Amino acid sequence: MGIGRLYTYTPLPHPTQPRDVEPSTSPAQEWQRYLDARQKVDDELAQLAKIDNSLVADIFRVHQEILHDRLLTDAVRAAIDRGISAATATQQASSDLVQMFQNLSDDYFASRAVDIRDVGQRLLAHLNGVSLARQLAALPPNTVLLAEDLTPFDATHLSSDSVAGIVLAGSAPTAHTAILARSLGIPLICGVGSAILHLPPGQLAIVDGLQGRLIVEPDEELLESYVQTRQRLLAFRITAESHSHEAATTLDGRRVLVHVNINSQEDMLQIASSGADGIGLLRTEYLFQERTTPPAVEEQIEAYRLISQQMPGEILTVRLLDIGGDKPVRYLPQMTESNPFLGVRGIRLLLQHPELLRDQLQALVSLSLESSFTGVVRILVPMVSKIVEVYRVLEVLDSIPGYREEHRREGRLQVGLMIEVPAAALLADRVAPLVDFFSIGTNDLAQYTLAADRVNSAVASLASPLDPSVLRLIAMTCQAGNVAEIPISICGEMAGDPSIFPLLFGLGVTEVSVVAPAVPLVKEAVRQTDGDAARRLAANALRTSRAQEVHRLLHPE
Amino acid sequence: MDKPDPGALPAPPARQEHSATVTVRYPQGLHLRASRDVVRVASQYAADITAQNLSRSSEQVDVKSILQLMQLQARQGHVLHLQAAGPDAADALDALCALFHRPPSLSSSTAGC
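Conventions we followed
- Residues numbered from 1 in each chain as written.
- Chains lettered and ligands numbered in written order.
- Predicted model: local features only at pLDDT ≥ 70, side-chain atom pairs only at ≥ 80, totals over all residues.
- Heavy atoms only, no water.
- Contact = heavy atoms within 4.5 Å.
- Buried area = accessible area lost by both parts, 1.4 Å probe.
- Salt bridge = Lys/Arg side-chain N within 4 Å of Asp/Glu carboxyl O.
- Polar contact = N/O pair within 3.5 Å; in protein donor to acceptor, adjacent residues only side chain to side chain.
- Buried < 20%, exposed > 50% of the residue type's maximum accessible area, 1.4 Å probe, protein only.
- Helix = DSSP H or I, 4+ residues; strand = E, 2+ residues; numbered from the N terminus.
- Pairing = 2+ DSSP bridges.
- Right-handed = clockwise from strand over helix to strand, strands pointing away.
- Expected span 1.5 Å × (residues − 1).
- Axes fitted to C-alpha atoms, helices over the stretch in contact; angles between N-to-C directions.
- Parallel < 35°, antiparallel > 145°, perpendicular 65-115°, else oblique.
- Left-handed = near helix turned anticlockwise from the far one by under 90°.
- Nonpolar A, V, L, I, M, F, W, Y, C, P; charged D, E, K, R; others polar.
- Patch = residues over 30% accessible without salt bridge, like charges linked within 9 Å, V, L, I, M, F, W, Y side chains within 5 Å.
- Areas by Shrake-Rupley, 256 points an atom, 1.4 Å probe, with all protein chains shown as cover.
- Lys, Arg positive; Asp, Glu negative; His and termini not counted.
- Charge placed at Lys NZ, Arg CZ, Asp CG, Glu CD.
- pLDDT = per-residue confidence, 0-100.
- Core = buried A, V, L, I, M, F, W, Y, C linked by side-chain atoms within 4.5 Å.
- Phe/Tyr/Trp six-rings, centres within 6.5 Å; stacked < 30°, edge-to-face > 60°.
- Lys NZ or Arg CZ within 6 Å of the ring centre and 35° of its normal.

**Thoughts on the interface of chain B and chain A**
- If you look at the interface, chain B gives 29 residues, while chain A gives 34 residues.
- In this assembly, chain B packs against chain A so that about 3,100 Å² is buried in total across both faces, 57% of it on carbon and sulfur atoms.
- Counting across the chain B and chain A interface gives four salt bridges.
- Note that Asp106(A) is salt-bridged to Arg56(B), the shortest N-O span being 2.8 Å.
- If you look at where chain B meets chain A, you find eleven residue pairs in polar contact (both at pLDDT 80 or more).

If you want it as structure tokens, here you go:
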């Protein structure tokens, strides 16, 4: 969480006003200046590519390729020949290219404008020394940085002494921008929309990284409470991070595994330092989307193996493909549903396309059979609402050679259910004996229980996972799981809020899975939790009738 | 004189010109890292090589430029038409076709570029 004054960062001014005077040097000299700068950037990128992480290193190698690209070079050369300085020529050429990419129709390719801007910035930094790097390095203390997007180059010039928080209008920042911001301990929220770029600079603002909120011009009371919370959080975070790689055990001696959620191979970059005990939720959609054929078994095995080789701990929880009509894939027949969230999604879709289900299960069974794999594969079935869906998944698994043996060999391969539909929570005692673990998805559970779309701002606040109705379903699930003696994990945003952990533990949750930055915090919350007090808290929470009352129990004045 | 993939191509007398069509197999399309591989291979040859994305009816672009290749916005399954002209045009196309036909290794296709 950060508090400071707004500052809007505009990286490359749009098509340049030829503001600098005619260079006193000749085109030949300007060209030489450009070549010198390019050499320096090349050296710089080569140096950066030595980083001990092949994914990040490749990005810098790609930037080297862009640096030497004809399109860029020819445009700079032509401008210099027209008598323009090397710096202005570079700025113009890279702005034009950025613009050209931003106009592409395909989102992936359009978003590569960031890479071009990054290379342009590196060149400019050498050409005029002035510029962006200094613009970022010289910010006053307590600045809340607003920007469309930040390149890794920008991020390497940020300082936590001056930047209190970062708010990006654009969607997910490139992996290493997020990593760099996190390593500096600067709260970052993204996907806020370009309206923020028009906020008047200098206004006071709070960046609440935990809840992903930007609060502009807070009133005094709110500000005061944030200031206090920030102090407390700071102390808490310092303690938490110094113990992030230690096991988390409650005051009464119960070990709680704190796992991490992963959305893609790239996410593996940031989890090593988090101290996670394992992977509690690998969302596999990234393997299936943006392509014309589903991934073959072999390709899937390779992908899961890659993750398993880099993962901390023993447990790899893989959620089966969880898509529906809102995120169609090209190789499945197009479904037009008036309400995709109540339509064919998750396990319902997989059962309609048994070959997809079988291939994914086959890949996971194969991984668990590999001699080099020493951990535990947990297969997580999404969107279960009927017990017959569980039967059918187990039938398919039974028909896969090796499954029965692996399953019996204590723990090597487990099957569990996502509890995210109220029906599944209400029938938890019926399904618990059939499976090896539960994972409660609180985001969807809240949304389905309260019949409120979390993305629709008119009703989003209704879908609070702290609503007593949701807590009762969680309690019911935990009770059934505890009777069957299976682990009950919880994932979803609420699990990542350390202040909520005692309540969840009191309700009977035995494990959690959270985003990487929350791992140390939740571990520290575990260490401060006492079982008896937590159970009393949970009992009180279950007796309330409103989410606000639960909130007051968690945060007494 | 389009041929599905390389093979025996007619050799015009003066300037060697060859063409081939290839299908993008990279699950994530011809993204930055894959494009870099293509540029690296193409740049080893003196021939002028262009590509056109038939699936998007794009313009012809220079295969030796990563920025131009990205303009093709080639996704998995898209069909590209490659044309090469120059003394080593045939070899260049062979090498490029081999690159496109090699089953993409997963580690290079899930990159964050």
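Picking up where we left off.
**Observations concerning the pairing of strand 14 (residues 511-514) of chain A**
Residue and element names in this part refer to chain A.
- Of the two faces of strand 14, both are covered, the one formed by Glu511 and Ser513 as well as the one formed by Val512 and Val514.
- Where strand 13 (residues 488-491) lies against strand 14, two bridges are found, and the strand directions are parallel. Opposite Ile490, over in strand 14, you have Val512 as the bridge partner.
- Following the chain from strand 13 across helix 22 (residues 501-507) to the adjacent parallel strand 14, one finds a crossover that is right-handed.

**Quick notes on helix 4 (residues 86-102) of chain A**
- Between its first and last C-alpha, helix 4 of chain A extends 24 Å over 17 residues, near the 24 Å set by a 1.5 Å rise per residue.
- Along helix 4 of chain A, 13 of the 17 residues are buried, which leaves the element largely enclosed by surrounding structure.

**Describing the pattern of salt bridges**
All names here are of chain A.
- All told, the structure shown has 22 salt bridges over all chains when counted by the stated rule.
- For Glu524, the salt bridge is made with Arg527, and the minimal N-O distance between the two is 2.8 Å. Of this pair, Glu524 and Arg527 both sit in helix 23 (residues 519-527), three residues apart, which is roughly one turn of that helix. Considered together, Glu524 and Arg527 belong to a single accessibility category, that of buried residues.
- Between Arg546 and Glu549 there is a salt bridge, and its shortest N-O distance comes to 3.6 Å.
- Here the salt bridges do not stand alone but share partners, grouping Glu44, Asp118 and Arg122 into one network.

**Here we look at the packing of helix 24 (residues 531-542) of chain A against helix 25 (residues 547-554) of chain A**
Residues and elements named next belong to chain A.
- One can describe the packing of helix 24 onto helix 25 by two numbers: an axis separation of 9 Å at closest approach and a directional angle of 160 degrees. Between helix 24 and helix 25, the angle falls in the class roughly antiparallel. The two elements helix 24 and helix 25 meet at a crossing, and its hand is right-handed. Touching Leu537, Asn540 and Ala541 of helix 24 are Val550, Leu553 and Leu554, all from helix 25.
- Across the contact of helix 24 with helix 25, the residue classes tally to five nonpolar, one polar and no charged.

**A look at the side chain of Thr73(A)**
- Structurally, Thr73(A) can be placed in helix 3 (residues 70-81).
- If sequence neighbours within four positions are ignored, Thr73(A) has contacts with Trp31(A), Arg38(A), Leu67(A) and His68(A).

**Thoughts on a negative patch on the surface**
All names here are of chain A.
- A surface patch of like charges, here negative, comprises Asp219, Glu220, Glu221 and Glu224.
- The topology assignment puts Glu221 in helix 10 (residues 220-242).
- Of the residues examined, Glu221 reaches a relative accessible area of 69% and is grouped as exposed.

**Topic: the pairing of strand 3 (residues 163-168) of chain A**
All names here are of chain A.
- Burial within strand 3 is extensive, with six of its six residues counted as buried.
- Where strand 2 (residues 143-147) lies against strand 3, five bridges are found, and the strand directions are parallel. In the strand pairing of strand 3, Ala147 is matched with Leu168.
- Across two bridges, the pairing between strand 3 and strand 4 (residues 188-189) is parallel. Residue pairing in the sheet places Val167 in a bridge with Ile189 of strand 4.

**Overview of the packing of helix 4 of chain A against helix 6 (residues 113-128) of chain A**
Residues and elements named next belong to chain A.
- Between helix 4 and helix 6, whose axes approach to 9 Å, the crossing angle comes to 175 degrees. Comparing the axis directions of helix 4 and helix 6 gives the class roughly antiparallel. Note on element contacts: helix 6 touches helix 4 through Ala113, Ile116, Arg117, Gly120, Leu123, Leu124, Leu127 and Asn128, opposite Ala86, Ala87, Thr90, Gln91, Ser94, Leu97, Val98, Phe101 and Gln102.
- Looking at side-chain class alone, the contact of helix 4 with helix 6 contains ten nonpolar, six polar and one charged residues.

**Observations regarding the confidence of the model for chain B**
- Put simply, chain B has an average pLDDT of 80, and 77% of its residues get 70 or more.
- Low confidence marks residues 104-113 of chain B, where pLDDT is under 50. Its contacts with residues over four positions away, or in another chain, come to 28 contacts.

**Describing the environment of Ile279(A)**
All names here are of chain A.
- Summarising the element assignment, Ile279 is placed in strand 8 (residues 278-283).
- Residue class for Ile279 comes out buried when judged on its relative accessible area of 0%.
- With 18 residues separating them along the chain, Ile279 and Asn261 place their C-alpha atoms 6.2 Å apart.
- Excluding its chain neighbours within four sequence positions, the residues that come into contact with Ile279 are His259, Val260, Ile262, Met268, Ile307, Met311, Ile315, Leu316 and Thr317.

**So, the sheet that holds strand 9 (residues 315-319) of chain A**
Residue and element names in this part refer to chain A.
- The parallel closed barrel is built from eight strands, whose spatial order is 7-8-9-10-11-12-13-14. Ignoring which end each strand starts from, the neighbouring axes of this sheet average 25 degrees apart.
- Where strand 9 and strand 10 (residues 376-381) come together, five bridges link them in parallel fashion. In the sheet register, Val318 faces strand 10, and the bridge partner there is Ile379.
- Its contacts with the sheet put helix 20 (residues 442-449) on strand 11 (413-419), strand 12 (437-441) and strand 13, and the angle it makes with strand 12 is roughly 60 degrees.

**Digging into the nonpolar core**
- Core analysis: the biggest nonpolar cluster contains 100 residues, and Ile279(A), Leu282(A), Leu397(A), Leu417(A), Phe438(A), Ile474(A) and Leu503(A) have the highest contact counts within it.
- By size, the runner-up hydrophobic cluster in this structure holds 64 residues, among which are Ile116(A), Leu127(A), Val22(B) and Ala89(B).

**With respect to the packing of aromatic side chains**
Residues and elements named next belong to chain A.
- For the structure on display, the rule yields two aromatic pairs over all chains.
- Above the ring of Trp31, the side-chain terminus of Arg77 is found at 4.6 Å from the ring centroid.
- Cation over ring: Arg378 sits above Phe437, and NZ or CZ is 4.9 Å from the ring centre.

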